[in-house]
Amino acid sequence: MNPLLYGHNPDEQIVGLQQNDDQTVRLFIRENGRLVRKDDPFFPFFFLSDRTLLEGFVQRHWIKELEGNGFYRFVCAFEGWPPLWEAVRHLLQAHNRKTLTKIEHYSSLESIRLLTDPLNQYLLQSGRTLFKGMRFEDLTRLQLDIETYTSVPNSFSRAARSGDRIILISLSDSGGWEHLIDGTELTEAEMLHELISIIRERDPDVLEGHNIYEFDLPYILKRCEHHGIPLTIGRDGSSPTAAFQRGRPSGIGTQGPVTEVAGRHVIDTYQLVRSYDQSKNRMERYGLKYAARYFGFASPERTYVRPERISWHWDHDREPLRLYAMDDVRETRALSGHLGGTHFYLTQMLPMTLSGVLRSGSAIKIENMLLREYLRRRYSIPRPSTGLQTTGGYTDIFTVGVLGPVLHADIESLYPSIMIHRSVTPAGDHLGIFKLLLQELTSQRLSAKQEMKREADPGARSRIDAFQSSMKILINSFYGYLGYARGLFNDYAKADVVTTEGQKLLRLMIDFIRKTGSIIIEVDTDGIFFVPPKAVRGEASEEEFVRTISDHMPEGISVALDGRYRTMMSYKMKNYALLDYEGNLTLKGSSFTSRSIERFGRAYIKRCVLALLNQDIQELHRAYMETREEIQGRRMDIREFTRVEKLGESIEEYLAAVDAGTRSRSAAYEVGLRIDRSFRKGTRIVYYMSGEDPTPKGFRHARAMADWDPHFRDENIPYYLRRLDEFSEKFSPFFSAKDFHMLFTPDDLFPFDPAGIRILEPTHLPVEEPEDTESPRYTGLKAEKES
DNA sequence: AGCTGTGGCAGGGAGG
DNA sequence: CCTCCCTGCCAC
């Protein structure tokens, strides 16, 4: 094991951590199947740029001057958190700041680098990592789900409402054990006591549940409070505590407090699912039932009970409810088993807890690895630089139309390859850790992939796959870290070096492919879609052709065949459709797949694209006519019309921006204001357009889906017909004006006749000469990034 | 307070 | 009508 990744003490299998007090941390270590406890001294610390700032401050603390010439040249260690906060207050005065309202604000002082999460800080300084040498299966994971009863018909159950209570608690664990605590024979207080004793007895390392952060644990906590029962499920017998949720401000994370249980890890599979989908954006919802079906875990015999029917079932027919509750935990177990592996294996090498790994982004992970090594070598660290990144990937489109056969060739691991082969490393990284890490992770990933090829056992294969894909996530984030404004080791100039080198390589590849007589369709960052020359047909020949391309690339850069397609529809940059040889359709780009397109629009576009790729003219017109009639006849479900938008700003920010005139009113926020004036950042708003104006002012005519009344339908038919025409407009580049009009206009006296309607030949767009590369092109005013 | 990057398209509001 | 500006979402 490389200490750079795994820290010291190679044999230690730590499965849990708990902060005892301000000065010690307790470790839970697996030794020959037994759980051993060990207490370790703990010194809270921060980095400081100038030690004179602490002069005159009398408290027992250690200031160590670090080697090197970075900005944070001192590390100050304290006997506990109170003296650390004392020192922070002292520094605050040195900066002439008086307000002490929010301690976290202090981390923004430029002279001090503060890390506020105690357990992660402990891992950073100790060089320890969790779960070392373990397999994901070695953890004991306990799944938990509660069903609750509401005294108010057709409403959600609330823990605080009298009469509402827990009626079932279903439990399972990763070993296959299953159990139901049934409220039929037990009072709620007895149920809670049984839950506590079961958790203590089975002593799981991980507590799992779907939406457990937002619902199950808070609800259980509330009910425990009500009965005066301490929820002593921590490994030290303590109750859960609230920690702060880390997440992106744009709202992938909820902002509420997260529950932490001493010595264990609490994992919300809802978060697992959401973070899985974040890079893919394939899922419609993140609910348990949908996710289970999406991943293929839902058993065909699974019992479904609609949430609003739970209380009815409890009163009249309990057996389905019991089955339903057990199916819930089984699906939760399947989800976490499937998605938890990558995070588990990352935790083995990062100085972070499992929930820390889950909650943080990849830049933080890279920074923590760098920090740990700098701390271990007693070397000072730089401060984030301010500046401007000016370049990104090269994107261009050369051909619009329907054509094939099409190949997609891409440069493998473009940015990591450039960073390794051209030794692009941040200027502040005097010790060269960035490159060492990148190389180590890359070589571990490659050997894992080799091992996977040899492995026959499916269980072992998926384990290795989880391991190598967690490496991939980290490796691909190294480039992003260079341009990360808050990164201690960021370097905008080097980020530009990576992207401009990437652009050069892509142009080199374009030139070569063009010279072979191929038709280049579109390129994006590291890949090219093209029609190969006539002589290249069939998979073997295509593979060979791509090998030739790869051979013509510089040392260390290799090109692979990423996909082969029967037909491609090229529409705009980053917007295209592919039909493979099995008949599978892939739609890419915000013009076709965006969530901001109503569901009926997405279905319509998909149907039309498929018809176009299959050259089915009649079907194109049929799709138009049928959709049109369904809208006009008010036969569509309201969900076909709703738009879901995520609110990126809080209510205060939005209103302030509107007042200041820097942003205009928008439908989603106005609907949000109407239904709930206290919406949080990241809230999803579901709304539709009402009225009869084909061009309504969205912010005035938008209505929340919750206000929809199926008996008095008021969806704006002229507006949605206009939307239909806007979607149809996407197909205009592929037809003559006359043909297009015939296709996407309702039949008049004469029936529609597909004969004579032709898909246009592809259009080859003029190749733009590269502009003067000496002077970088600025596309407007771009603010300098500051930490 | 919490946060990987740039590039491109769509849609809506505001103002000409 | 158009253009400008913005936000949201998507590709990589």
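Above this text you will find the structure in question.
Now for a look at the structure at hand. As the structure is a computational prediction, the values presented were derived from the model and not from experiment.

1. Concerning the sheet that holds strand S11 (residues 206-209)
So, step 1. The strand order across the open sheet formed by 5 strands is S10-S9-S8-S11-S14, and the pairing between neighbours is mixed. Taken across any chain shown, the strands that pair with only one partner, and hence form the sheet edges, are strand S10 (178-182) and strand S14 (265-268). Between one strand axis and the next, the sheet turns by 20 degrees as a mean value, whatever way the strands run.
So, step 2. Set on the sheet, helix H5 (residues 212-227) makes contact with strand S8 (141-149), strand S9 (165-173), S11 and S14; between it and S8 the angle comes to about 70 degrees.
So, step 3. Relative to S8, helix H9 (residues 319-347) is tilted by about 145 degrees, and along the sheet it contacts S8, S9, S10 and S11.

2. Description of the pattern of salt bridges
So, step 1. For the coordinates displayed, the defined rule picks out 47 salt bridges.
So, step 2. With a closest N to O distance of 3.0 Å, Arg 128 and Glu 12 form a salt bridge. Within this pair, whereas Arg 128 is found in the loop between helix H3 (118-126) and S8, its partner Glu 12 is found in the loop between helix H1 (3-6) and strand S1 (14-19), the two being separated by 116 residues in sequence.
So, step 3. Here Glu 12 falls in the buried class, since its relative accessible area comes to 13%.
So, step 4. Salt-bridge contacts for Lys 494 lead to Asp 491; the nearest nitrogen and oxygen are separated by 4.0 Å.
So, step 5. Since its relative accessible area comes to 26%, Lys 494 is described here as partly exposed.
So, step 6. When salt bridges that share partners are traced, they join Arg 30, Asp 203, Asp 205, Arg 235 and Arg 264 into one network.

3. With respect to the nonpolar core
So, step 1. Of all hydrophobic cores here, the largest spans 122 residues; its most connected members are Phe 46 and Phe 47.
So, step 2. Broken down by element, the residue count for this core peaks at 10 residues, all from helix H14 (residues 458-482).
So, step 3. Other than its neighbours up to four places away in sequence, Phe 47 contacts Leu 66, Tyr 72, Phe 74, Val 75, Ser 111, Ile 112, Arg 113, Leu 115, Leu 371, Leu 375 and Ile 381.
So, step 4. Counting residues in hydrophobic clusters, the runner-up holds 58 residues, among them Ile 397, Val 658, Tyr 720 and Ile 759.

4. What about the protein's contact with DNA strand C?
So, step 1. Near DNA strand C there are 19 residues, and of these Asn 281, Asp 526, Tyr 576, Gly 589 and Tyr 669 occur at the shortest range.
So, step 2. When atoms of DNA strand C within 4 Å of the protein are sorted by moiety, sugar and phosphate together comprise 94%.
So, step 3. Take Tyr 669: an N or O atom from its side chain is 2.9 Å from a phosphate oxygen of DNA strand C.
So, step 4. For the surface near DNA strand C, the secondary-structure elements that each account for two or more residues are helix H17 (590-593) and strand S24 (643-646).
So, step 5. The element best represented in the surface near DNA strand C is S24, accounting for 3 residues.
So, step 6. Partitioning the surface near DNA strand C into residue classes produces 3 nonpolar, 8 polar and 8 charged.

5. With respect to the packing of helix H4 (residues 188-202) against H5
How two helices pack is summed up by the angle between their axes together with the distance between the axes.
So, step 1. Axis separation between H4 and H5 bottoms out at 10 Å; the angle between their running directions is 120 degrees. Taken together, the axes of H4 and H5 lie oblique to each other. Pair H4 / H5 crosses with left-handed handedness. Residues Glu 188, Ala 189, Leu 192 and Leu 195 of H4 form the contact with H5, whose participating residues are Ile 220, Arg 223, Cys 224 and His 227.
So, step 2. A breakdown of the residues in the contact of H4 with H5 according to their chemical character gives 5 nonpolar, 1 polar and 2 charged.

6. Quick word on the packing of helix H12 (residues 414-421) against helix H13 (residues 433-454)
So, step 1. H13 packs onto H12 with a crossing angle of 125 degrees between their chain directions and a minimal axis gap of 10 Å. As the angle between them shows, H12 and H13 are arranged oblique. When you trace H12 past H13, the crossing you get is left-handed. Residues Pro 416, Met 419 and Ile 420 of H12 form the contact with H13, whose own contacting residues are Phe 434, Lys 435, Leu 438, Gln 439 and Thr 442.
So, step 2. Here the residues of the contact of H12 with H13 are counted per class, giving 5 nonpolar, 2 polar and 1 charged.

7. Regarding the environment of Thr 148
So, step 1. Its place among the elements puts Thr 148 in strand S8.
So, step 2. Dropping the residues within four chain positions of it, Thr 148 is found in contact with Ser 157, Arg 165, Ile 166, Ile 167, Phe 215, Tyr 219, Ile 310 and Ser 311.
So, step 3. In terms of polar contacts, Thr 148 uses its side chain to reach the side chain of Ser 157, at 3.1 Å.

8. Notes on the packing of aromatic side chains
So, step 1. For the structure shown, the criterion picks out 33 aromatic pairs.
So, step 2. Between the aromatic rings of Tyr 415 and Tyr 479, the centroid separation amounts to 4.5 Å while the plane-to-plane angle is 55 degrees, which identifies the pairing as tilted. Here the residue Tyr 415 occupies a position in helix H12, and Tyr 479 occupies one in helix H14, the gap between them amounting to 64 residues.
So, step 3. Here Tyr 415 falls in the buried class, since its relative accessible area comes to 14%.
So, step 4. Looking at Tyr 479, the relative accessible area reads 19%, which means it is buried.
So, step 5. Here the aromatic cluster, defined as three or more aromatic residues joined through ring pairs, consists of Phe 131, Phe 136, Phe 344, Tyr 345 and Phe 467.
So, step 6. Lying over the aromatic face of Phe 28, Arg 235 brings its terminal NZ or CZ to 5.4 Å of the ring centre.
So, step 7. The aromatic ring of Trp 312 is capped on one face by Arg 309, whose charged end is 4.3 Å from the ring centroid.

9. Focus on the environment of Leu 579
So, step 1. Among the structural elements, Leu 579 can be located in strand S22 (residues 575-579).
So, step 2. Counting along the chain gives 287 residues from Leu 579 to Ala 292, while the straight-line C-alpha distance between them is 28 Å.
So, step 3. Beyond its immediate chain neighbours, meaning those up to four positions away, Leu 579 contacts Tyr 565, Arg 566, Thr 567, Asn 584, Leu 585, Leu 610, Leu 613 and Asn 614.

10. As for the sheet that holds strand S15 (residues 395-397)
So, step 1. Reading across the sheet, the 5 strands line up as S15-S18-S19-S17-S20 and stay open at both edges, with antiparallel pairing between neighbours. At either end of the open sheet lies a strand with only one pairing partner, and these are S15 and strand S20 (559-565). On average, each strand axis in the sheet is tilted by 25 degrees relative to the strand beside it, whichever way the strands run.
So, step 2. As judged from the 3 bridges shared by S15 and strand S18 (residues 519-524), these two strands associate in the antiparallel manner. Bridging across to S18, Thr 395 finds its partner in Asp 524.

11. Let's talk about the pairing of S1
So, step 1. The element S1 is largely enclosed, with a buried count of 5 among its 6 residues.
So, step 2. Taken together, the 5 bridges between S1 and strand S2 (residues 24-31) define a ladder with antiparallel strand orientation. Residue pairing in the sheet places Leu 17 in a bridge with Leu 27 of S2.

12. What about H13?
So, step 1. Spanning 22 residues, H13 covers 32 Å between terminal C-alpha atoms, matching the ideal 32 Å at 1.5 Å per step.
So, step 2. Taken together, the buried positions of H13 are Ile 433, Phe 434, Leu 437, Leu 438, Glu 440, Leu 441, Gln 444, Arg 445, Ala 448 and Met 452. Buried residues of H13 fall within an arc of 165 degrees about the axis and therefore sit on the same side. Of the exposed residues in H13, those oriented more than 90 degrees away from the buried face are Leu 446, Lys 453 and Arg 454.
So, step 3. Elements that come into contact with the buried residues of H13 comprise H1, helix H11 (362-376), H12 and H14.

13. What about the side chain of Thr 567?
So, step 1. Secondary-structure assignment places Thr 567 in strand S21 (residues 567-572).
So, step 2. Ignoring sequence-local partners within four residues, the contact set of Thr 567 consists of Val 402, Leu 403, Gly 404, Ala 577, Leu 578, Leu 579 and Leu 613.

Reading guide: rules and limits
- Residues numbered from 1 in each chain as written.
- Chains lettered and ligands numbered in written order.
- Predicted model: local features only at pLDDT ≥ 70, side-chain atom pairs only at ≥ 80, totals over all residues.
- Heavy atoms only, no water.
- Pairing = 2+ DSSP bridges.
- Helix = DSSP H or I, 4+ residues; strand = E, 2+ residues; numbered from the N terminus.
- Axes fitted to C-alpha atoms, helices over the stretch in contact; angles between N-to-C directions.
- Contact = heavy atoms within 4.5 Å.
- Salt bridge = Lys/Arg side-chain N within 4 Å of Asp/Glu carboxyl O.
- Buried < 20%, exposed > 50% of the residue type's maximum accessible area, 1.4 Å probe, protein only.
- Core = buried A, V, L, I, M, F, W, Y, C linked by side-chain atoms within 4.5 Å.
- Near = heavy atom within 4 Å.
- Polar contact = N/O pair within 3.5 Å; in protein donor to acceptor, adjacent residues only side chain to side chain.
- Nonpolar A, V, L, I, M, F, W, Y, C, P; charged D, E, K, R; others polar.
- Parallel < 35°, antiparallel > 145°, perpendicular 65-115°, else oblique.
- Left-handed = near helix turned anticlockwise from the far one by under 90°.
- Phe/Tyr/Trp six-rings, centres within 6.5 Å; stacked < 30°, edge-to-face > 60°.
- Lys NZ or Arg CZ within 6 Å of the ring centre and 35° of its normal.
- Expected span 1.5 Å × (residues − 1).
- Arc of directions from axis to C-beta.

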